[in-house]
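Fold and contact review
Listed here are the chains, written in short residue letters.
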Amino acid sequence: MERRLNSAGLTFRQDYFDDSAGWAALVRLLQDIFSIDIGPLRKLGGPDPTSMPFGWFDAAGELAANISAFALPFVINGRIVNAAGLQSGAVRPQWRGRGLYRHLTVKALDWCEQQGFEAVILYTDKPSLYEPYGFRSIPLHRYEGAAPAPSTPGAPALPLSPTNADDLDLLQSLLKARSPVSTTLSVTTNAAMFLINTQLDPDIRVSFLKDQKAVIAWKIDEAGRFNLLDVVAAEIPTLAAILGGLEMAPAAVEVFFRPDKLGWAGVPRPLESGTRLMLKGLGDVAPASPAMLSPMADF
């Protein structure tokens, strides 16, 4: 039996990101529940301008529960899908079991339908929570293999820091004009998510290849492998050009999206993660080849 909504002592609100108190309440909620600090996003251009948050607030102005929807067009099998994403779903422990999150999820999905989105995607470690709403899991695969010989660079890569004003301007301009990193599965725009992910993981490095007019998000893992997380460019450079620009010659590479534009063919491996990508809509459409969204689009 479905639990009826019990919102006693709470006030429902939506569209509160322009309210500094409302935004601060979301920052505190995500810090308290997930130990994630999205506060720096304010200095990185702010939340996605298409965002529509839905929440229940208590009398003190604290968020008891929240879920946010936003426009997230993506490519699947060469087709651009007019889609929305759901993120920042959380309920404080003392307010759980009252139907609040179910109510917000329905509100968010109704809004997505009213906006004309043909699909909705989200990440979760609790897929059973969303299956009743018509979401299904999409298998995720990374690619690994021997590194290609680096190309001879014309100019060395420049490290970028999104907290530097000039670097941020460059990143934002390239993010606006980016091409999908894969034709199999990739987002078409994700500026806010890309920028905040550079702050959430201190191991992520961001470099600018001037010759290719490309931004590279990458890591070196514990085994010394080069991890390619994302490429932001109007024209995606080859993996050999990326390694050349970074002046790196690793033995092995892992790419966290399908590398169909990189001039390199690795071996697909299932992504070992408790987090699932879930899709609502598009019938039974699935990536035609093993693929995943870049971790820089993780929301």
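Refer to the structure printed above.
In short, a report on the structure. Source: prediction; values computed, not measured.

1. A closer look at the overall build of the protein
When its secondary structure is counted, the protein shows five helices and 17 strands. On C-alpha atoms alone, the protein measures out to a radius of gyration of 20 Å, which is about the 19 Å that the 2.2 N^0.38 rule sets for 299 residues. Expressed as lengths along the three principal axes of its C-alpha atoms, the size of the protein is roughly 65 × 40 × 35 Å. Residue burial in the protein is summarised as follows: out of 299 residues, 50% are buried. Looking at the protein alone, contacts between residues at least 24 apart form 73% of all its contacts between residues at least 6 apart. When the 27 positive and 31 negative side-chain charges of the protein are each reduced to one mean point, those points stand 5 Å apart.

2. As for the environment of Ala 165
Within the secondary structure, Ala 165 sits in helix α3 (residues 165-176). With relative accessibility at 54%, the residue Ala 165 sits in the exposed group. On a C-alpha basis, the gap between Ala 165 and Ala 191 in space is 15 Å, while along the polypeptide they are 26 residues apart.

3. Topic: α3
In this model α3 runs 17 Å from its N-terminal to its C-terminal C-alpha over twelve residues, within 8% of the 16 Å that 1.5 Å per residue would give. By the burial criterion, the buried members of α3 are Asp 167, Leu 168, Leu 171, Leu 174 and Leu 175. The buried residues of α3 occupy one face: seen down the axis, they fall within an arc of 135 degrees. Exposed and oriented more than 90 degrees from the buried face of α3 are Ala 165, Asp 166 and Lys 176.

4. With respect to the packing of aromatic side chains
On inspection of all chains with the given rule, the structure shows nine aromatic pairs. Between Phe 17 and Trp 23, the ring centres sit 5.2 Å apart and the planes meet at 90 degrees, which makes this aromatic pair edge-to-face. A residue is classified by how much of its surface remains accessible, and Phe 17, at 8% relative accessible area, is buried. A relative accessible area of 6% places Trp 23 in the buried class. Ring geometry for Tyr 101 against Tyr 130: centres 6.4 Å apart, planes inclined by 80 degrees, an arrangement best described as edge-to-face.

5. A few points about the nonpolar core
A general trend in soluble globular proteins is that nonpolar side chains are found buried together. Core analysis: the largest hydrophobic core is formed by 80 residues, its most contacted members being Phe 74, Leu 86, Phe 194 and Val 215. Once you skip the residues sitting within four places of it in the chain, Phe 194 turns out to touch Leu 171, Leu 175, Val 215, Ala 217, Asp 230, Val 232 and Met 296. With 21 residues, the next largest nonpolar core counts Tyr 143, Leu 228, Ile 236 and Ile 242 among its residues.

6. Thoughts on the environment of Pro 162
With respect to the helices and strands, Pro 162 occurs in the loop between β10 (158-159) and α3. For Pro 162, a relative accessible area of 5% translates into the label buried. Separated by 23 residues in sequence, Pro 162 and Pro 139 place their C-alpha atoms 31 Å apart. Among all residues touching Pro 162, those that are not within four sequence positions of it are Leu 44, Leu 168, Leu 171, Leu 195, Thr 198 and Gln 199.

7. Considerations on unusual backbone geometry
Even without being glycine, Ser 35 reaches a positive phi, approximately 55 degrees. Within the secondary structure, Ser 35 sits in the loop between α1 (20-34) and β2 (52-58). Phi is positive for Leu 282, close to 70 degrees, though the residue is something other than glycine.

8. Section: the pairing of strand β17 (residues 276-281)
By the bridge criterion, six bridges tie strand β7 (residues 119-124) to β17 in an arrangement that is antiparallel. Bridge pairing in β17 links Tyr 123 to Leu 277. One ladder, built from three bridges, connects strand β8 (residues 136-138) with β17; its direction is antiparallel. Within the sheet, the bridge partner assigned to Ile 138 lies in β17 and is Leu 277.

9. With respect to the sheet that holds strand β4 (residues 74-76)
A sheet is described by the order of its strands in space; here three strands give the open sequence β5-β4-β11, paired in antiparallel fashion. Of all strands in the sheet, those with a lone pairing partner are β5 (79-81) and β11 (185-187), marking the two edges. Going from strand to strand, the sheet's axes swing by 25 degrees on average, the running direction of each strand aside. In this structure, β4 lies alongside β5, joined through three bridges in antiparallel fashion. Among the inter-strand pairings, Phe 74 is bridged to a residue of β5, identified as Val 81.

Scoring rules and cut-offs
- Residues numbered from 1 in each chain as written.
- Predicted model: local features only at pLDDT ≥ 70, side-chain atom pairs only at ≥ 80, totals over all residues.
- Heavy atoms only, no water.
- Helix = DSSP H or I, 4+ residues; strand = E, 2+ residues; numbered from the N terminus.
- Rg over C-alpha atoms; globule rule 2.2 N^0.38 Å.
- Buried < 20%, exposed > 50% of the residue type's maximum accessible area, 1.4 Å probe, protein only.
- Contact = heavy atoms within 4.5 Å.
- Lys, Arg positive; Asp, Glu negative; His and termini not counted.
- Charge placed at Lys NZ, Arg CZ, Asp CG, Glu CD.
- Expected span 1.5 Å × (residues − 1).
- Arc of directions from axis to C-beta.
- Phe/Tyr/Trp six-rings, centres within 6.5 Å; stacked < 30°, edge-to-face > 60°.
- Core = buried A, V, L, I, M, F, W, Y, C linked by side-chain atoms within 4.5 Å.
- Pairing = 2+ DSSP bridges.
- Axes fitted to C-alpha atoms, helices over the stretch in contact; angles between N-to-C directions.

Remember that the coordinates give geometry; whether it matters functionally is a separate question.
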